[in-house]
Amino acid sequence: MRRTHVAVAVVSAGLLTACGSRSAPGTETVTPGASAAAASATASSGPGPSAPAATPTPAASLGPGEGTVSVVALDGYAEWGGVDPKVKWIGTFEKETGCKVSLRIYDPRQEEKPGDFAPASFDVVSATPEVGGRLMAEGKAAPLNTALLAGYDKIPKRLRTLPSVTRGEQVYGVPYVWATNEVLYDSGKVRSAGPESLFEDKGPVMFRDRPLSLADAALVLKERGADIEDPFDLTDEQLDAAAELFRSGDEGGRLFWRDPIEVVQAFATGSVRLAQATPYHADVLSHGRKPVKVAGDRPVTGWADAWMLSADAPHPSCAYKWLDFTASADVQRKVSAWMGLAPANPEACTGAARRICADYEAGESRAFKDVYFAVRPEAYDKWVERWSRIAP
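All of these numbers come straight from a predicted model, not from anything done at the bench.

> Let's hear about the overall build of the protein chain: which residues, and what values?
Helix and strand content of the protein chain: 14 helices and 15 strands. Scored against the burial criterion, the 392 residues of the protein chain give a buried share of 55%. Summed over its atoms, the accessible surface of the protein chain is roughly 16,200 Å², and 49% of this surface lies on carbon and sulfur atoms.

> Lay out helix 3 (residues 90-97) in plain terms, naming residues and giving numbers.
Every buried residue belonging to helix 3 is among Ile 90, Phe 93 and Glu 94, and all of these are buried. Each buried residue of helix 3 lies within a common arc of 100 degrees when the element is viewed along its axis, so the set occupies one face. The exposed set on the far side of helix 3, more than 90 degrees from its buried face, consists of Lys 95 and Glu 96. Residues of helix 3 that are buried sit in contact with strand 2 (68-74), strand 3 (100-106) and helix 11 (316-326). Just beyond helix 3, the residue with positive phi is Gly 98, at close to 80 degrees.

> Before we move on, could you go through the state of the cysteines and cite the residues and values that matter?
Going through the model one piece at a time under the given rule, you end up with two disulfides. Each sulfur of the disulfide joining Cys 349 and Cys 357 lies 2.1 Å from the other. Disulfide Cys 349-Cys 357: torsion about the S-S bond near -80 degrees, hence left-handed. Each member of the pair, Cys 349 as well as Cys 357, is classed as buried.

> For the confidence of the model for the protein chain, give the residues involved together with the corresponding values.
Predicted confidence across the protein chain gives a mean pLDDT of 84, with 82% of residues reaching 70 or more. Across the protein chain, strand 14 (residues 342-343) holds the top mean pLDDT of 98, while helix 2 (residues 36-45) sits lowest at 33. Within the model, the stretch residues 1-54 combines pLDDT values under 50 with 107 contacts to residues more than four positions away or in other chains.

> Tell me about the environment of Thr 180, residues and numbers included.
Within the element layout of this structure, Thr 180 appears in strand 8 (residues 173-186). When its relative accessible area of 2% is taken as the criterion, Thr 180 is described as buried. Separated by 97 residues in sequence, Thr 180 and Ala 277 place their C-alpha atoms 8.0 Å apart. For Thr 180, the residues in contact, after removing those within four places along its chain, are Ala 277, Thr 278, Pro 279, Val 300, Thr 301, Gly 302, Trp 303, Tyr 360 and Val 371. Side chain to side chain, Thr 180 and Glu 182 meet in a polar contact 2.9 Å long.

> Outline a negative patch on the surface, supporting the account with residue identities and numerical values.
A cluster of like negative charges, contributed by Asp 227, Glu 229, Asp 233 and Glu 378, occupies part of the molecular surface. Overall, the relative accessible area of 72% leaves Asp 227 in the exposed class.

> I'd love a proper account of the environment of Ala 306, names of residues and values included.
Here Ala 306 lies in strand 13 (residues 300-310). Judged by relative accessible area, Ala 306 falls into the buried class, the value being 3%. With 147 residues separating them along the chain, Ala 306 and Leu 159 place their C-alpha atoms 9.7 Å apart. Among residues more than four places away in sequence, those in contact with Ala 306 are Val 125, Ser 126, Ala 127, Val 165, Gly 173, Val 174, Pro 175 and Tyr 176.

> Before we move on, can you summarise unusual backbone geometry with the specific residues and values?
The peptide bond linking Gly 203 to Pro 204 adopts the cis configuration, its omega dihedral lying at 5 degrees. Mapped onto the secondary structure, Pro 204 falls in the loop between helix 6 (197-200) and strand 9 (205-208). Located in the positive-phi region is Arg 289, a residue other than glycine, with phi close to 60 degrees. By secondary structure assignment, the location of Arg 289 is in the loop between helix 10 (279-287) and strand 12 (292-294).

> Tell me about the environment of Gly 151, and please be specific about residues and values.
Position of Gly 151 among the secondary structure elements: in the loop between strand 5 (141-142) and helix 5 (157-160). For Gly 151, a relative accessible area of 9% translates into the label buried. With 175 residues separating them along the chain, Gly 151 and Thr 326 place their C-alpha atoms 8.6 Å apart.

> Describe helix 12 (residues 329-339), with residues and values.
Of all 11 residues making up helix 12, eight are buried, and the element is well covered by its neighbours. The complete set of buried residues in helix 12 reads Ala 329, Val 331, Gln 332, Val 335, Ser 336, Ala 337, Trp 338 and Met 339. In the segment just after helix 12, Gly 340 is the residue with positive phi, at about 75 degrees.

Rules behind the numbers
Residues numbered from 1 in each chain as written. Predicted model: local features only at pLDDT ≥ 70, side-chain atom pairs only at ≥ 80, totals over all residues. Heavy atoms only, no water. Helix = DSSP H or I, 4+ residues; strand = E, 2+ residues; numbered from the N terminus. Buried < 20%, exposed > 50% of the residue type's maximum accessible area, 1.4 Å probe, protein only. Areas by Shrake-Rupley, 256 points an atom, 1.4 Å probe, with all protein chains shown as cover. Arc of directions from axis to C-beta. Contact = heavy atoms within 4.5 Å. Disulfide = S-S within 2.5 Å. pLDDT = per-residue confidence, 0-100. Polar contact = N/O pair within 3.5 Å; in protein donor to acceptor, adjacent residues only side chain to side chain. Patch = residues over 30% accessible without salt bridge, like charges linked within 9 Å, V, L, I, M, F, W, Y side chains within 5 Å. Salt bridge = Lys/Arg side-chain N within 4 Å of Asp/Glu carboxyl O. Lys, Arg positive; Asp, Glu negative; His and termini not counted. Charge placed at Lys NZ, Arg CZ, Asp CG, Glu CD.

Listed below in structure tokens is the structure:
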């Protein structure tokens, strides 16, 4: 499985091929504590068509909990002990609030658009910038009354005001975890590296298989003098130039990863020289005594995933309780340690999350310095089309 403690053990023991990955094939529905047959039946039924509210407005107040909440989550973002009995926080939420969780896990690679889910079919969703941008644009996410969320103000303003979670003066998302895309290199094979090395080195080089990886190429163009202010806001010509960088080297030397463990495996076996990855990848490999370093050059790109409320949430009071619960330091500490991502709430940077926070400098003033956080581009379909030519 692609969890942090497992990844460390895998590298240290050299048992790379024995490390499986928790599957998330498309979308599945799981009710914690329910039988597998019941979960399967729920998944097959699927949500019916529905239209979002035309002009959703933030809730003014909350009533008593409805007793249930429907959660759509990325794999690993809402755990109930089904993968590891020690890794769970859904049960705590249920006990504290009286709201029973019905959980649907989605894979953004195969079903990037939970915006296709009818808004009345779920209450909250953990959204990537791509998914969140679509939900806001289509009116399927509801603006939030952050005064109803006790943990919201503990999240740094930089994350709270990202374009991926806001529209104008309205807030649509509560940041959950974040990370940066860094250049990692095998110091035994590469003397030094910077962002341009990903495109100039003979390879093999690994890139994250995601259309927004084009923004990392755009940063290289910006450093070379291109008139680019934001790497996620490109003209068609700039987008073409960014895509061309990926094709400028030996095609056989360009590899693409989807599961984080692929990066660990590649460096551990010596099959790549450089990779676009995260600081935590380097930390895991360092603990496995692999000579992998992080290029210190900035600027870099990053992303923040957030919880959003459906525009037609059937259980709004329990949904707000979930948003507040997941903004707490206790929950974010657990998800950070489980996923190897930085918690949005810096008060979570203790205990099991201390090491991850150190990797990302979370809670420090320089944590977000020269980081361009991802937002879904207005012409995202063009990004997808360009990327399909690079990593089909």
